[in-house]
Amino acid sequence: MKKRLVEIFTGNCPLCDQTVQLVQEMATSSDQVKVYNLGQGQEGSQYLEQQAERYGLKAVPAIAVDGVVVFTGKPSYEQLQGAGFGQPTISLPSSEYLYAGMGI
């Protein structure tokens, strides 16, 4: 089974921490969850900045699934569930993006 790549972009904020915890709790064995903290000077920070720019991120937390940003801001459990989290696969229409929360 192909792993679904779930990337969570965070800063040093409580909403980011809550988002990471919720996604990790809902992750299935078909999910590969990676957390990137843009608020820290961690190794590979240039790569993280490039990824954030490539995704056009203007706010955190932000969640990308298989290269598509599906949430900006802290999603609720129901919103994640509606987007297919907690299930083995996520089916997103290719021309639609799901956004929750507020951006800058």
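Going by the structure above, here's the rest.
Criteria and cut-off values
Residues numbered from 1 in each chain as written. Predicted model: local features only at pLDDT ≥ 70, side-chain atom pairs only at ≥ 80, totals over all residues. Heavy atoms only, no water. Buried < 20%, exposed > 50% of the residue type's maximum accessible area, 1.4 Å probe, protein only. Helix = DSSP H or I, 4+ residues; strand = E, 2+ residues; numbered from the N terminus. Pairing = 2+ DSSP bridges. Contact = heavy atoms within 4.5 Å. Expected span 1.5 Å × (residues − 1). Arc of directions from axis to C-beta.

With six of seven residues buried, strand β1 (residues 4–10) lies mostly within the body of the structure. Where β1 and strand β2 (residues 31–37) come together, seven bridges link them in parallel fashion. Across the sheet, Leu 5 pairs through a bridge with Gln 32, a residue of β2. Pairing geometry for β1 and strand β3 (residues 62–65), over four bridges, is antiparallel. Across the sheet, Val 6 pairs through a bridge with Val 65, a residue of β3.

What follows concerns the side chain of Thr 19. When you line up the elements, Thr 19 lands in helix α1 (residues 14–26). Residue Thr 19 is classed as buried on the basis of its relative accessible area, which comes to 1%. Apart from the residues within four sequence positions on either side, Thr 19 is in contact with Ile 8, Pro 61, Ile 63, Lys 74 and Pro 75.

Now for α1. For α1, which comprises 13 residues, the first-to-last C-alpha distance of 18 Å matches the rise-based estimate of 18 Å (1.5 Å per residue) to within 8%. Those residues of α1 not exposed but buried are Cys 16, Thr 19, Val 20, Leu 22, Val 23 and Met 26. Buried residues of α1, seen end-on, are gathered within an arc of 165 degrees and therefore sit on one face of the element. Facing away from the buried side of α1 by more than 90 degrees, the exposed set consists of Pro 14, Asp 17 and Glu 25. In this structure, the buried residues of α1 make contact with β1, β2, β3 and α3 (77–82).

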